[in-house]
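Reading the structure
Each chain, letter by letter, is given below.
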Amino acid sequence: MYYLEVWQPQGRDVVVLDAQRVSMGKARSNDVVLASDATVSRMHAVLERFAGGWCVRDLAARNGTFVNGQRLLGDRQLRSGDEIRLGATRLVFTAEGLDPDETETQAAKSAPALTPRERDVLVALCLPLASGDLFTEPAPIRQIADTFVVTEAAVKQHLLHLYDKFGIYSGTGSRRVRLANEAIRRGAVSVGELRIAACPEAPLKAPDKLREVPPP
């Protein structure tokens, strides 16, 4: 059994984690509502279940999300006893009835090696995610092509290479969305650099013209 201890001024609450996804924040629409904490964002962070347990992800909250005193920069797998801080609120993740090795944090898979052109396309794809909005879509192919003044076919060819390198194969959901999420999760693109690139004073520019990629 997995559960979350939520420590607030009014006392301690215990939330049983029996869903696949648990949102946390100040808005009443969240699964865990932290309305009494003014330092918590409306949609602050989310817990997600996967085959090996649970992970936590910050949703670009203004005051950040911390696990055991370290600020989150990507997804973080949780182990029993981990302390999560959202603003001034303390939460403790607990896993009962599991062996210790079942809750150990596993090393995240690192990002694959990318060519400069592939990374340019990947940054352009992820750029809209700098807004921090939960349901923001990555950039469409037409927009990426216009950014680098190339054809959509050239962009699609680069994306095919990126799908292969990140292991994004056919399945449910948009492959562009899955690629963008995986790129940020594995550290190939950081939210910080996306925010810098999204500033009007620092528009995204390719170092030189993106070349057409011949089919493999």
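See the structure above.
A quick note: this is a predicted structure, and the numbers were derived from the prediction, not measured.

Conventions adopted
- Every chain's residues receive numbers from 1 upward, in the order its sequence appears when written.
- With pLDDT at 70 or above as the cut-off, local features in this predicted model cover only qualifying residues; side-chain atom pairs require 80 or more to be listed or tallied, and sums for whole chains, interfaces and linings still use all residues.
- Only heavy atoms go into the side-chain values, all of them from the structure, while hydrogens and water stay out.
- At least two DSSP bridges between two strands are required for those strands to pair.
- Think of it this way: any DSSP run of H or I at least four residues long counts as a helix, any run of E at least two long counts as a strand, and we number them from the N terminus.
- For salt bridges, the criterion is a side-chain nitrogen of Lys or Arg within 4 Å of an Asp or Glu carboxyl oxygen.
- Relative accessible area decides the class of each residue, using a 1.4 Å probe on protein chains only: under 20% of the type maximum gives buried, over 50% gives exposed, and in between gives partly exposed.
- Whether two residues are in contact is decided by their heavy atoms: any pair within 4.5 Å suffices.
- A fitted line through C-alpha atoms represents every axis, and for helices the fit uses only the stretch in contact; the resulting angles, taken between N-to-C directions, go from 0 to 180 degrees.
- Any angle that falls under 35 degrees is termed roughly parallel, while one over 145 is termed roughly antiparallel, one within 65 to 115 roughly perpendicular, and all others oblique.
- Crossing handedness follows the turn of the near helix against the far one: under a right angle anticlockwise gives a left-handed crossing, and clockwise gives a right-handed one.
- Three classes are used, and their members are as follows: Ala, Val, Leu, Ile, Met, Phe, Trp, Tyr, Cys and Pro are nonpolar, Asp, Glu, Lys and Arg are charged, and the others, Gly among them, are polar.

1. Observations concerning the sheet that holds strand E11 (residues 89-95)
What the 6 strands build is an open sheet, ordered E2-E1-E11-E10-E7-E8; its pairing is antiparallel. Every interior strand has two partners, whereas the edge strands, strand E2 (11-16) and strand E8 (70-71), have only one.

2. Observations concerning the pattern of salt bridges
Summed over the entire model, instances satisfying the criterion amount to 12 salt bridges. Here Glu 182 makes a salt bridge to Arg 186, at a shortest N to O gap of 3.4 Å. The class for Arg 186 is buried, based on a relative accessible area of 12%. Linked through salt bridges whose partners overlap, the residues forming this network are Arg 21, Glu 48, Arg 57 and Asp 75.

3. Side note on the side chain of Ser 41
Looking at the element boundaries, Ser 41 is found in the loop between strand E4 (32-33) and strand E5 (45-50). Look at Ser 41 and you get buried, because its relative accessible area is 17%. Here Ser 41 is in contact with Gly 25, Lys 26, Ala 61 and Arg 62, once residues within four sequence places are set aside.

4. Brief notes about the environment of Pro 112
Residue position: Pro 112 is located in the loop between E11 and helix H1 (116-126). Put simply, Pro 112 and Leu 162 are 50 residues apart on the chain and 9.2 Å apart in space, counted from C-alpha to C-alpha. Setting aside residues no more than four positions away along its own chain, Pro 112 makes contact with Lys 165, Phe 166 and Arg 186.

5. Considering unusual backbone geometry
Despite not being glycine, Ala 60 shows a phi value in the positive range, around 55°. As for its placement among the helices and strands, Ala 60 is situated in the loop between strand E6 (53-58) and strand E7 (65-67). Even without being a glycine, Asn 68 presents a positive backbone phi close to 55°. Assignment of secondary structure puts Asn 68 in the loop between E7 and E8. A residue is classified by how much of its surface remains accessible, and Asn 68, at 38% relative accessible area, is partly exposed.

6. Description of the pairing of strand E3 (residues 21-25)
Successive side chains on a regular strand alternate, one facing one side of the sheet and the next facing the other. Across the 5 residues of E3, 4 count as buried, placing the element largely inside the fold. Summarising the sheet, E3 and E5 pair through 4 bridges and their orientation is antiparallel. Looking at the pairing, Ser 23 lines up with Val 46 of E5. With 2 bridges connecting them, E3 and E4 associate as parallel partners. Of the residues in E4, the one forming a bridge with Met 24 is Val 32.

7. Looking at the packing of helix H3 (residues 152-166) against helix H4 (residues 175-185)
Axis separation between H3 and H4 bottoms out at 10 Å; the angle between their running directions is 55°. Here H3 is positioned oblique relative to H4, judged by the angle of their axes. For the pair H3 and H4, the crossing hand works out as left-handed. Contacts between H3 and H4 involve Leu 159, Leu 160, Leu 162, Tyr 163 and Phe 166 from the former and Arg 175, Arg 176, Leu 179, Glu 182 and Ala 183 from the latter. Tallied by class, residues from the contact of H3 with H4 come to 7 nonpolar, no polar and 3 charged.

8. Looking at the sheet that holds E6
Reading across the sheet, the 5 strands line up as E4-E3-E5-E6-E9 and stay open at both edges, with mixed pairing between neighbours. Strands at the two margins of the open sheet, each flanked by one partner only, are E4 and strand E9 (76-77).

9. Re H1
Within H1, 9 of the 11 residues are buried, leaving the element largely enclosed by the surrounding structure. Those residues of H1 that sit buried are Arg 117, Glu 118, Asp 120, Val 121, Leu 122, Val 123, Ala 124, Leu 125 and Cys 126. Tucked into the core, H1 has its buried residues touching helix H2 (141-148), H3, H4 and helix H5 (191-198).

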